[in-house]
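Understanding the architecture of this molecule
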Protein chains: 2
Amino acid sequence: MKQDWKPGTMIYPLPAVMVSCADSKGNDNIITVAWTGTVCTNPAMLYISVRPERHSYTMIKETMEFTVNLTTEDLAKATDWCGVKSGRDFDKWAECGLTRESGVTVRCPSIAESPLSIECRVTEIIPLGSHHMFIARVLNVRADKRYINPETGAFDLGAAGLINYSHGHYYRQGDEIGRFGWTVKKN
Amino acid sequence: MKQDWKPGTMIYPLPAVMVSCADSKGNDNIITVAWTGTVCTNPAMLYISVRPERHSYTMIKETMEFTVNLTTEDLAKATDWCGVKSGRDFDKWAECGLTRESGVTVRCPSIAESPLSIECRVTEIIPLGSHHMFIARVLNVRADKRYINPETGAFDLGAAGLINYSHGHYYRQGDEIGRFGWTVKKN
């Protein structure tokens with residue numbers, strides 16, 4: 001039995017990523033974003049949606065670059081704090097004990113403590129209302145070697161302890177249910 | 001220490017939603033999508049990215065409507081199966097034991113077994129490459145009354161057992177870490 005509600009943003013669970021960015025003078029910032037996701041496999045493309053009044057919005061619009069940093073249980077406090085506070089008032093790197101790592105294909109830094117950083121170039125900005133969507137090409141992916149199996153070379157993102165965001169709450173990753181396609185694979 | 005990779009789709013964890021849709025003759029289908037997310041808070045908007053060769057792509061393009069159905073542990077098998085098989089070959093509702101529920105603001109059905117269904121109208125189709133992005137307005141949200149606290153009226157999505165998808169694997173929801181803003185709230 002279902003109850004009808006007024007329209008709302010109810011897709012969950014979502015990633016809560018820390019986006020690092022910089023303006024053309026090299027001033028940088030971190031903003032936490034849950035309105036993010038993959039929009040195309042080939043070429044690899046993603047989006048983030050940001051309110052125009054946010055400090056990071058102007059930086060990204062100016063340089064058309066940003067880096068998406070995945071977040072873990074160890075980064076949960078920083079993830080929340082960077083989503084609530086403004087870079088106009090704080091150096092979020094210093095306040096959260098986060099380390100800048102130079103970008104490879106972009107000029108903005110990535111977050112060293114993140115297990116995986118995704119360097120992006122904006123291809124389109126779509127104003128929608130409260131949020132504008134930055135659609136971006138993935139230029140480079142930087143993965144923490146700690147999660148690469150030395151024998152197989154496979155990257156184990158499951159071991160990174162990624163967190164997710166669901167309807168106002170952050171959650172730990174739970175147990176694995178199965179692998180994509182497991183319901184049709186023969187033993 | 002990080003290792004550089006070639007560009008890839010690495011934002012995780014993501015929701016794995018079952019999208020229900022229909023063509024103008026009333027033929028319907030279900031497609032599982034992880035390339036989905038919220039793109040705007042006000043008005044409430046979301047997207048799904050779908051390959052043009054998928055059976056559901058033509059249906060959605062024809063009617064410009066679809067419904068996003070969130071998925072749970074109980075729906076994990078159906079979620080995987082509907083992501084691998086094609087509606088050209090199977091009636092996915094019958095094969096997965098899923099029940100059609102009439103749409104309220106859209107003509108396509110939603111999935112009764114899903115804890116939350118989001119009825120949407122497409123506002124824009126953006127071809128990106130392997131995937132085309134359907135950007136859509138949320139018209140109506142249908143929530144299972146089982147997860148509404150009878151005393152407070154609050155909806156507890158955490159109790160629904162939502163699943164997430166991360167780098168080729170499905171996972172259960174883990175324990176809660178905190179509520180949005182907990183790092184700045186005073187006791």
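First, a word on what this report is: a plain description of the structure on this page. Nothing here was measured: the structure is a model prediction, and the numbers come from that model.

1. Thoughts on the pattern of salt bridges
By the definition in use, this model includes 16 salt bridges over all chains. The salt bridge involving B:Glu101 is made with A:Lys2; its shortest N-O contact spans 3.4 Å. Of this pair, B:Glu101 sits in strand 8 (residues 100-101) while A:Lys2 sits in strand 1 (residues 2-5), which puts the two residues in different chains. With relative accessibility at 18%, the residue B:Glu101 sits in the buried group. A:Lys2 sits in the buried class, given a relative accessible area of 9%.

2. Details of the relation of the copies chain A and chain B
Take chain A, turn it by 180 degrees, move it 0.0 Å along the axis, and it overlays chain B with an RMSD of 0.0 Å. Within this description, the copies of the chain are treated as partners about a two-fold rotation axis. Nearest to the rotation axis, the C-alpha of A:Gly174 is located 1.9 Å from it, this being the minimum over chain A. Looking at chain A, 100% of its interface residues are interface residues in chain B too, so the copies touch through the same face.

3. Things to note about the interface of chain A and chain B
At the interface, 92 residues of chain A touch 92 residues of chain B. In total, about 8,300 Å² of surface goes out of reach between chain A and chain B, with carbon and sulfur atoms giving 61% of it. Connecting chain A to chain B are 50 residue pairs in polar contact (both at pLDDT 80 or more). When residues of the side of chain A that touches chain B are assigned to their parent elements, the largest contribution, eleven residues, is made by strand 13 (residues 169-179) of chain A. Here the side of chain A that touches chain B is composed, by residue class, of 48 nonpolar, 27 polar and 17 charged. Note that strand 13 of chain A and strand 13 (residues 169-179) of chain B share seven bridges and pair antiparallel. If you follow A:Tyr171 over to strand 13 of chain B, its bridge partner there is B:Glu176.

4. Quick word on helix 1 (residues 55-63) of chain B
Residue and element names in this part refer to chain B. Listed in full, the buried residues belonging to helix 1 are Ser 56, Tyr 57, Met 59, Ile 60 and Thr 63. Down the axis of helix 1, the smallest arc covering the buried residues is 165 degrees, so these residues share one side. Backbone geometry just downstream of helix 1 places Met 64 in the positive-phi region, at approximately 55 degrees.

5. Quick notes on helix 2 (residues 76-84) of chain B
Within helix 2 of chain B, seven of the nine residues are buried, which leaves it mostly tucked inside the rest of the structure. Along its buried surface, helix 2 of chain B packs onto strand 13 of chain A together with strand 3 (17-22), strand 4 (28-33), helix 3 (92-96), strand 12 (163-166) and strand 13 of chain B.

Conventions used here
Residues numbered from 1 in each chain as written. Chains lettered and ligands numbered in written order. Predicted model: local features only at pLDDT ≥ 70, side-chain atom pairs only at ≥ 80, totals over all residues. Heavy atoms only, no water. Salt bridge = Lys/Arg side-chain N within 4 Å of Asp/Glu carboxyl O. Helix = DSSP H or I, 4+ residues; strand = E, 2+ residues; numbered from the N terminus. Buried < 20%, exposed > 50% of the residue type's maximum accessible area, 1.4 Å probe, protein only. Least-squares fit on C-alpha atoms with pLDDT ≥ 70 in both. Contact = heavy atoms within 4.5 Å. Buried area = accessible area lost by both parts, 1.4 Å probe. Polar contact = N/O pair within 3.5 Å; in protein donor to acceptor, adjacent residues only side chain to side chain. Nonpolar A, V, L, I, M, F, W, Y, C, P; charged D, E, K, R; others polar. Pairing = 2+ DSSP bridges. Arc of directions from axis to C-beta.

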